[in-house]
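Structural features, examined
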Amino acid sequence: MSTENLPQSPEQPPRKPRVAVVFGGRSSEHGISVVTAGAVLRAIDRTKYDVLPIGITRDGRWALTADEPERMAITERRTPSVEELTDSREGAVVLPVDPANREVVYSEPGSVPKALGEVDVVFPVLHGPYGEDGTLQGMLELSGVPYVGSGVLASAVGQDKEYMKRVFTSFGLKVGPYVVIRPREWERDESAARKKIVDFGGEHGWPLFVKPARAGSSIGITKVDDLAGLDEAIAEAQRHDPKILVEAALRGREIECGVLEFEDGPRASVPAEIPPPETHAYYDFEAKYIDSTPGIVPAPLTPQETAEVQRLAVDAFDAASCEGLVRADFFLTEEGDFVINEINTLPGFTPISMYPAMWQASGIEYAELVDRLIQAALHRSTGLR
């Protein structure tokens, strides 16, 4: 029997890739992560992708949140939170743990779990521990779900400033003088640990910068001009991380450079300069996000200096085995040397952040940048690579 004249079932249109934007988290950078998520959600092309916003509360619960970017902005000098964006205080989102199943489930006590559909790629916009440091990346590797950004090792290296500096030094990149105080040192002999910092200040001079070793967005950092402010600075850093890093002040200009992975490998953006803020002692959290101290893009460098910092930024990207994106921060010293301060594997991505600003000046607008990162993740497998 011929089937030519039988009615044909209409073909189903291909399903759009579903992007889970994961934000918030348990770190002290929770609020800035929410702001970043708002910008990313606003930029994602909804004709190309389905979007699932997932917020992680400050206590670690994965919550289904409203897809309302306008509610994810800094207002009246305060950052938003995931708790403000979810209707349920008990409902939880569960990602798959079986690589053969990418379906996300939402459940509430006393209710039948609800399937939210498959997730094709995760766009993590988490900053700091429990998200940027390889923990989330490891979970996604186990689940077999592709994700934007660096893998487990590079994320961990990029979060821990001590080991970041050790990796850079081993690859021949210049880093500034620093000393690390680990929790056991402090617990074993507090006075000896404090003397270690004082001796470091005596050798390299004051002021010193006392930092949490595994935090970002300039949170928990104190510029210490003399011994009188040291104990308070140590306590502030330890509020965010029991392991602290102390750096000598470097005389020079702050220069940043973005790195983005293309099909033929990583490329660097035009660099930017962070001028000394007029109303802050240094480029701290409030200068970055609350008072929005503007950077200079592109940085007023010579062609030779621009080429050099771009080369070093890509070298840092490769040294830490990064993927996707990185912002590399340098000091251009008075002697004319570029000293790398740190990299950020999930840099600030708000509309005023330097990473997207540098790429915009390099010819890639914010929405295109987001799309490139999603597409790169979709085409990259999980597992050893």
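The coordinates are above.
Residues numbered from 1 in each chain as written. Predicted model: local features only at pLDDT ≥ 70, side-chain atom pairs only at ≥ 80, totals over all residues. Heavy atoms only, no water.

1. Details of the overall build of the protein
- Counting secondary structure elements, the protein contains 11 helices and 16 strands.
- Relative to a compact globule of 385 residues, whose C-alpha radius of gyration would be 21 Å, the protein shows 22 Å and is just as compact.
- Dimensions of the protein along its principal axes, counting C-alpha atoms only, are 95 × 55 × 40 Å.
- For the protein, buried positions account for 52% of its 385 residues. (Helix = DSSP H or I, 4+ residues; strand = E, 2+ residues; numbered from the N terminus. Rg over C-alpha atoms; globule rule 2.2 N^0.38 Å. Buried < 20%, exposed > 50% of the residue type's maximum accessible area, 1.4 Å probe, protein only.)

2. Section: the pairing of strand β16 (residues 338-344)
- Burial analysis of β16 places seven of its seven residues in the buried class, which makes it a mostly covered element.
- Relative to β16, strand β15 (residues 325-333) runs antiparallel, the two sharing six bridges. Residue pairing in the sheet places Phe330 in a bridge with Ile340 of β16.
- From the end of β15 to the start of β16, which pair antiparallel, there are four residues, and Gly336 there has a positive phi angle of about 90°. (Pairing = 2+ DSSP bridges.)

3. Here's the deal with the sheet that holds strand β7 (residues 121-124)
- One open sheet holds the four strands; their spatial order is β3-β2-β1-β7, and the pairing between them is mixed. Edge positions in the sheet fall to β3 (62-64) and β7, since each of these pairs with one other strand and no more. Pairs of neighbouring strands in the sheet enclose a mean axial angle of 30°, with direction left out of account.
- Two elements, strand β1 (residues 18-24) and β7, share four bridges in a ladder whose sense is parallel. In the sheet register, Val22 faces β7, and the bridge partner there is Pro124.
- Here helix α1 (residues 30-43) sits on the sheet and contacts β1, β2 (50-56) and β7; the angle it forms with β1, its principal contact strand, is near 155°. (Axes fitted to C-alpha atoms, helices over the stretch in contact; angles between N-to-C directions. Contact = heavy atoms within 4.5 Å.)

4. Examining the nonpolar core
- Membership of the largest hydrophobic core comes to 34 residues, with the highest contact counts inside it found for Val21, Phe23, Val40, Ile44, Phe123, Phe349 and Val370.
- Counting residues per element, the ones that place at least two in this core are β1, α1, β7, β12 (252-262), α10 (354-361) and α11 (366-378).
- Apart from the residues within four sequence positions on either side, Phe349 is in contact with Thr36, Ala39, Val40, Leu325, Tyr355, Pro356, Tyr366, Leu369, Val370 and Leu373.
- Counting residues in hydrophobic clusters, the runner-up holds 25 residues, among them Leu173, Val259, Leu301 and Phe317. (Core = buried A, V, L, I, M, F, W, Y, C linked by side-chain atoms within 4.5 Å.)

5. Considering the packing of helix α3 (residues 152-159) against helix α4 (residues 161-170)
- Contact geometry for α3 and α4: axes closest at 5 Å, N-to-C directions at 110°. Considered as vectors, α3 and α4 are oriented roughly perpendicular to each other. Across from Val157, Gly158 and Gln159 in α3, the residues of α4 making contact are Lys161, Tyr163, Met164 and Val167.
- Class assignment for the residues of the contact of α3 with α4 results in four nonpolar, two polar and one charged. (Parallel < 35°, antiparallel > 145°, perpendicular 65-115°, else oblique. Nonpolar A, V, L, I, M, F, W, Y, C, P; charged D, E, K, R; others polar.)

6. Some points on helix α6 (residues 190-204)
- Given a rise of 1.5 Å per residue, 15 residues ought to cover 21 Å, and the 21 Å separating the end C-alpha atoms of α6 matches this to within 8%.
- Along α6, the residues classified as buried are Ala193, Ile197, Phe200 and Gly201. Angular distribution of buried residues about the axis of α6 spans 100°; they occupy a single face of the element. Away from the buried face of α6 by more than 90 degrees, exposed residues Ser191, Gly202 and Glu203 are located.
- In the core, the buried residues of α6 are packed alongside β8 (178-181), α5 (183-188), β9 (208-212), α7 (230-238) and β11 (244-248).
- Looking one or two places after α6, you find Gly205, whose phi comes out positive at around 90°. (Expected span 1.5 Å × (residues − 1). Arc of directions from axis to C-beta.)

7. Focus: the packing of aromatic side chains
- The tally for this structure, following the rule as stated, stands at five aromatic pairs.
- Look at Phe123 and Phe349: their rings are 6.4 Å apart centre to centre, the planes differ by 75°, and that puts the pair in the edge-to-face class. Note that Phe123 is positioned in strand β7 and Phe349 in the loop between β16 and α10, a separation of 226 residues in sequence.
- Accessibility expressed as a relative area gives 3% for Phe349, which makes it buried.
- Considering the side-chain rings of Phe330 and Phe338, the 6.2 Å spacing of their centres and the 80° angle between planes classify their relative orientation as edge-to-face. One exposure class covers both Phe330 and Phe338, and it is buried.
- Note that Lys165 overlies the ring of Tyr178, its terminal NZ or CZ placed 5.6 Å from the centroid.
- The ring of Tyr163 is capped by Arg166, whose NZ or CZ atom sits 5.9 Å from the centre of that ring. (Phe/Tyr/Trp six-rings, centres within 6.5 Å; stacked < 30°, edge-to-face > 60°. Lys NZ or Arg CZ within 6 Å of the ring centre and 35° of its normal.)

8. Quick word on the pattern of salt bridges
- Under the criterion given, the structure shown has 30 salt bridges.
- Asp50 is the salt-bridge partner of Lys16, the closest N and O atoms lying 3.6 Å from each other. Of this pair, Lys16 sits in the segment before β1 while Asp50 is found in strand β2, placing the two residues 34 residues apart along the sequence.
- With its nearest N and O atoms 2.8 Å apart, the salt bridge here joins Arg253 to Glu273. (Salt bridge = Lys/Arg side-chain N within 4 Å of Asp/Glu carboxyl O.)

9. Some thoughts on the environment of Ile54
- Mapped onto the fold, Ile54 is located in strand β2.
- Residue class for Ile54 comes out buried when judged on its relative accessible area of 0%.
- Spatially, the C-alpha atom of Ile54 lies 9.7 Å from that of Ala92, the residues being 38 residues apart in sequence.

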